[in-house]
Amino acid sequence: MAMPVLLVALTLSFLPHTQSKLTAAYYDKSCPPLQSIMRDIINTKQIEDPTTAAATLRLFFHDCMVEGCDASVLISSTSFNTAEREADINLSLSGGSFDLITRAKTAIEIQCPDTVSCADILAIATRDLIVMVGGPFYDVRLGRKDGLISQSSRVDGNLATSSMSVSDIISLFAAKGFTTQEMVALSGAHTIGFSHCKEFSRRIYNFSKASDFDPSYNPNYAEALRKLCANYTTDTGMAAFNDVVTPSKFDNMYFLNLKKGLGLLSTDQALYTDSRTKPFVDLYAQNQTAFFQDFAHAMEKVSVYNIKSAESKGEIRRRCDSFNNVETS
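Basis of the calculations
- Residues numbered from 1 in each chain as written.
- Predicted model: local features only at pLDDT ≥ 70, side-chain atom pairs only at ≥ 80, totals over all residues.
- Heavy atoms only, no water.
- Disulfide = S-S within 2.5 Å.
- Helix = DSSP H or I, 4+ residues; strand = E, 2+ residues; numbered from the N terminus.
- Buried < 20%, exposed > 50% of the residue type's maximum accessible area, 1.4 Å probe, protein only.
- Expected span 1.5 Å × (residues − 1).
- Polar contact = N/O pair within 3.5 Å; in protein donor to acceptor, adjacent residues only side chain to side chain.
- Phe/Tyr/Trp six-rings, centres within 6.5 Å; stacked < 30°, edge-to-face > 60°.
- Lys NZ or Arg CZ within 6 Å of the ring centre and 35° of its normal.
- Contact = heavy atoms within 4.5 Å.

Under the counting rule described, the total for this entry stands at four disulfides. One disulfide bridge connects Cys-31 with Cys-112, the sulfur atoms lying 2.1 Å from each other. Here the disulfide of Cys-31 and Cys-112 is right-handed, its torsion about the S-S bond being about 80°. Of this pair, Cys-31 sits in the loop between α2 (17–20) and α3 (34–48) while Cys-112 is found in the loop between α5 (95–111) and α6 (118–132), placing the two residues 81 residues apart along the sequence. According to the relative accessible area criterion, Cys-112 is buried, its value standing at 4%. A sulfur-sulfur distance of 2.1 Å marks the disulfide that ties Cys-118 to Cys-320. Residues Cys-118 and Cys-320 are joined through a disulfide that is left-handed, its torsion about the S-S bond being -95°.

Here α5 is 17 residues long and its end C-alpha atoms lie 25 Å apart, about the 24 Å a rise of 1.5 Å per residue gives. Turning to α5, its buried residues are Gly-96, Ser-97, Phe-98, Leu-100, Ile-101, Ala-104, Lys-105, Ile-108 and Glu-109. N-cap assignment for α5: the residue whose side-chain oxygen lies 3.0 Å from the backbone N of Gly-96 is Ser-94.

Glancing now at the packing of aromatic side chains. Counted under the stated rule, the structure contains 15 aromatic pairs. Aromatic ring contacts, followed pair by pair, group Phe-250, Tyr-254, Phe-255, Tyr-284, Phe-291, Phe-292 and Phe-295 into a single cluster. One cation-aromatic arrangement involves Lys-301 over Phe-178; the distance from NZ or CZ to the ring centre is 5.1 Å.

Moving on: helix α4 (residues 52–67). Taking 1.5 Å per residue as the helical rise, α4 with its 16 residues ought to reach 22 Å, and the 23 Å between its terminal C-alpha atoms agrees with that figure. Of all 16 residues in α4, 15 are buried, a share of seventy percent or more.

So, about the side chain of Glu-67. You can see Glu-67 is positioned in helix α4. On the basis of relative accessible area, Glu-67 is assigned to the buried category, the value being 12%. Contacts of Glu-67, omitting those with residues within four sequence positions, involve Ser-72, Glu-84, Ile-149, Arg-154, Asn-306 and Lys-308.

This is how it looks when you write it as structure tokens:
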């Protein structure tokens, strides 16, 4: 039991002062039923739609890496503002994950009006869903305020895309204070969820004059993907599991797959061929415990990235998809 305590202590030691104000007990007095409400909503939604865990994890990451963990990605656009969720990279965010947060916020507002931020709801939901599908538990400190800005123009350059090189992704994460090892651990989130065919189509059709598909693919896997995505240009919803072996279980299979040429996206498979990231792929493929520990630590770090805890920097939204005071000019 000493190691988790030590990891938490080490994490807290390098947090900026505003982040260290967050605490897991933040709502214990102001909203005692919060955790039980969240558990009920999350369990019901995940049973209804098994893709909820992966979708919510992606939503959380897309939120935190842009304006910080402030629920800015949840804001809907208006006639006066084009919000983050309208950015091209966010158009494929699952409606089910937004629905989960809406359900949770509605239920919490009935019991604890004007108390719990949407940013905290999203952070709790993400952690609980990861655990629900087999992943590691990690502490979620609470007390975030909801952001006051959400603009699609601020999204580009803050999120990794499937066309980026490993160097680009390392630089992107480094600019936000994350190490290469933390980036690789966080990439392990692709052990659940799926990607649309358009994200990897260039790897399976007309790849080069010498090969129809990317030779770094396992040939049988490539052929299966070519058949699956045959009509992807007309059926844009066509998608493949990120982890073809255990797609609904949070485990280290993602890293084992990379060693077998089963990395779906080019950015996945490149982690195994780049000398800066390969040692971590090998480590996590061999040792699931090490992956879980490092993933949990990295997620704690993501969850406090650029958070707003001061009243002047944020608010407690009454609705997660709308600022309390809507700009009309």
